[in-house]
Amino acid sequence: MNKNHYIKLLKLWFPFIINVFITFTITYITTLIIIFIYAKQDSLPSPSMGFTLIIVISILIGLFFTIFIGLMIHNFIKPINKIIESAEKVAKGDFSIHLDESVHKEEIRDMYISFNKMVRELNSIETLRNDFIVNVSHEFKTPLSSIEGYATLLQSPNITEEERIEYSKIIIESSKQLSSLTGNILTLSKLETQEILPESVHFNLDEQIRQALLILENKWCSKNIDINLDFDMCSYYGNEKLLMQVWLNLLENAIKFTSNGGTITASVKEHNEYICITISDTGIGMSKETQQYIFDKFYQGDKTHTIDGNGLGLALVKRIIDLYNGTITVKSAVNKGSTFIVSLPKNYN
Ligand code: ADP
């Protein structure tokens, strides 16, 4: 028999042992009291019938208390046992447990309400975890199957030179997609558990956004997108790599969702306590419903997945801005373009 078994046995027999103990004590005390009363009246009954009577009365009183105290202990232990049983079920992964909150006793009701709340929280964490795994597997499946498919086609001896180039291009694109996906997942999971900011330096924020635009030059040039800049010169103390990621993701989205010949406007304005950065585009815009979810992991407004992306870009942006105690908001309307407004406090510690 292991330790748990003994604990279970003790839990089961504990109320019974207490009850028997109390009953014996009460019967004993009652007998003594009755004998004491008789002795005081100087009329001790004859041993033949008197003591039998005393014992019967004592047993009856003891029995009454046994039932009474038994019921009390039962009522006291019942909700605790219910919680223990429910907690055991939750530990085994059953999150459908719900304790009835309409009990009369206030303390028990509070305990049940807290327990139900805990189960709901655990359930939502579990759902998030499962959703995350489903999303990751789903995002991996598409590029992996196209790599497999086109690599198989490449093995065929009858393909033309153009086909070979085209298939290789698709394989390279899909590999890049996978690499960006794994990179984003790793960065995001690292940032989610991180509260201390990685090494910080002083740098020019306006210069950094110019650099981000240079990195993306091929993309906006190939779509003939006009770029307007309205930058104050301003210095910021933070992690350059993380903040570069913010501007790259926001600008990449602006380019991606803006059609040929559109315009992107970026501004950096320094205020006393914070720096305000806005990135606007004249692209497809977003409905109010889409705007609610854009910062969620794996959310993509375009459900057909025809536009490149994995829905992690803005989740990363939000997490980085949160780390700097900043805010990010969006103003947008369908076919009217979008404006992302980032506010970074200068003193975020
Ligand atoms: P991804 O771009 O990989 O789909 P993001 O997390 O960067 O993922 O963006 C989430 C969603 O937000 C996009 O799928 C898109 O629907 C919407 N979105 C983001 N930026 C813009 C923008 N500038 N214009 C229109 N929609 C946008």
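Conventions used here
- Residues numbered from 1 in each chain as written.
- Predicted model: local features only at pLDDT ≥ 70, side-chain atom pairs only at ≥ 80, totals over all residues.
- Heavy atoms only, no water.
- UniProt positions renumbered as here; feature names shortened; annotations may be inferred.
- Helix = DSSP H or I, 4+ residues; strand = E, 2+ residues; numbered from the N terminus.
- Phe/Tyr/Trp six-rings, centres within 6.5 Å; stacked < 30°, edge-to-face > 60°.
- Core = buried A, V, L, I, M, F, W, Y, C linked by side-chain atoms within 4.5 Å.
- Buried < 20%, exposed > 50% of the residue type's maximum accessible area, 1.4 Å probe, protein only.
- Contact = heavy atoms within 4.5 Å.
- Near = heavy atom within 4 Å.
- Polar contact = N/O pair within 3.5 Å; in protein donor to acceptor, adjacent residues only side chain to side chain.
- Areas by Shrake-Rupley, 256 points an atom, 1.4 Å probe, with all protein chains shown as cover.
- Nonpolar A, V, L, I, M, F, W, Y, C, P; charged D, E, K, R; others polar.
- Expected span 1.5 Å × (residues − 1).
- Pairing = 2+ DSSP bridges.
- Axes fitted to C-alpha atoms, helices over the stretch in contact; angles between N-to-C directions.

**Some details on the UniProt feature "domain: HAMP" (unreviewed entry) in the chain**
UniProt marks residues 74-127 with the feature "domain: HAMP" (unreviewed entry), using the numbering shown here. The straight-line gap between the two end C-alpha atoms of residues 74-127 is 37 Å; of that span, 74% is helix and 0% is strand.

**Some details on the packing of aromatic side chains**
Counted according to the given criterion, the structure contains five aromatic pairs. Aromatic pair Tyr150 and Tyr167: ring centres 5.3 Å apart, planes at 45 degrees, arrangement tilted. Residue Tyr150 is found in helix α3 (residues 106-154), and its partner Tyr167 is found in helix α4 (residues 161-192); the two are separated by 17 residues along the sequence. Here Tyr293 and Tyr299 contribute two aromatic rings whose centre-to-centre distance is 5.6 Å and whose plane-to-plane angle is 40 degrees, an arrangement assigned as tilted. Put simply, the rings of Phe203, Tyr236 and Tyr324 pair up and form one aromatic cluster.

**Looking at the nonpolar core**
Counting residues in hydrophobic clusters, the biggest one holds 53 residues, and the most contacted among them are Trp247, Leu250 and Tyr324. Of all the secondary structure elements, the ones that give two or more residues to this core are α4, α5 (205-215), α7 (240-256), β4 (263-270), β5 (274-281), α9 (313-323), β6 (327-332) and β7 (338-345). Setting aside anything within four residues of it in sequence, one finds Tyr324 in contact with Leu197, Tyr236, Tyr237, Gly238, Asn239, Leu242, Leu243, Leu344, Pro345 and Tyr348. Among the nonpolar cores identified, the runner-up in size contains eight residues, and Ile108, Tyr112, Phe115 and Val119 belong to it.

**Here's the deal with the site of the ligand**
Surveying the vicinity of the ligand reveals 19 residues, the closest of which are Asn253, Lys256, Asp281, Asn310 and Leu314. At a separation of 2.9 Å, a nitrogen atom of the ligand approaches a polar side-chain atom of Asp281. Contact distances for the ligand include 2.9 Å between an oxygen atom and a backbone N or O atom of Asn310. In isolation the ligand has 530 Å² of accessible area, and contact with the protein removes 96% of it. Looking at the shell around the ligand, the elements with two or more residues in it are α7, α9 and β7. Here the shell around the ligand gets three residues from one element, more than from any other, and that element is α7. Broken down by class, the residue content of the shell around the ligand amounts to eight nonpolar, nine polar and two charged.

**A closer look at α4**
Here α4 contains 32 residues, and its C-alpha end-to-end distance of 46 Å stays within 8% of the 46 Å for a straight helix at 1.5 Å per residue. Among the residues of α4, those classed as buried are Tyr167, Ile171, Ser174, Leu178, Leu181, Asn184, Ile185, Leu188 and Leu191. On its buried face, α4 is in contact with α3, α7 and α9.

**Points about the sheet that holds strand β2 (residues 226-231)**
The strand order β2-β4-β5-β7-β6 describes an open sheet built from five strands, whose pairing is mixed. Looking at strand neighbours, the two that pair on one side only are β2 and β6, the edges of this open sheet. Adjacent strand axes in the sheet meet at a mean angle of 10 degrees, parallel and antiparallel pairs treated alike. Inspection of the sheet shows β6 paired to β7 by six bridges, in the antiparallel sense. Following the sheet pairing, Ile328 is matched in β7 by Val342. α5 contacts β2, β4, β5 and β7 of the sheet and is inclined by roughly 170 degrees relative to β2.

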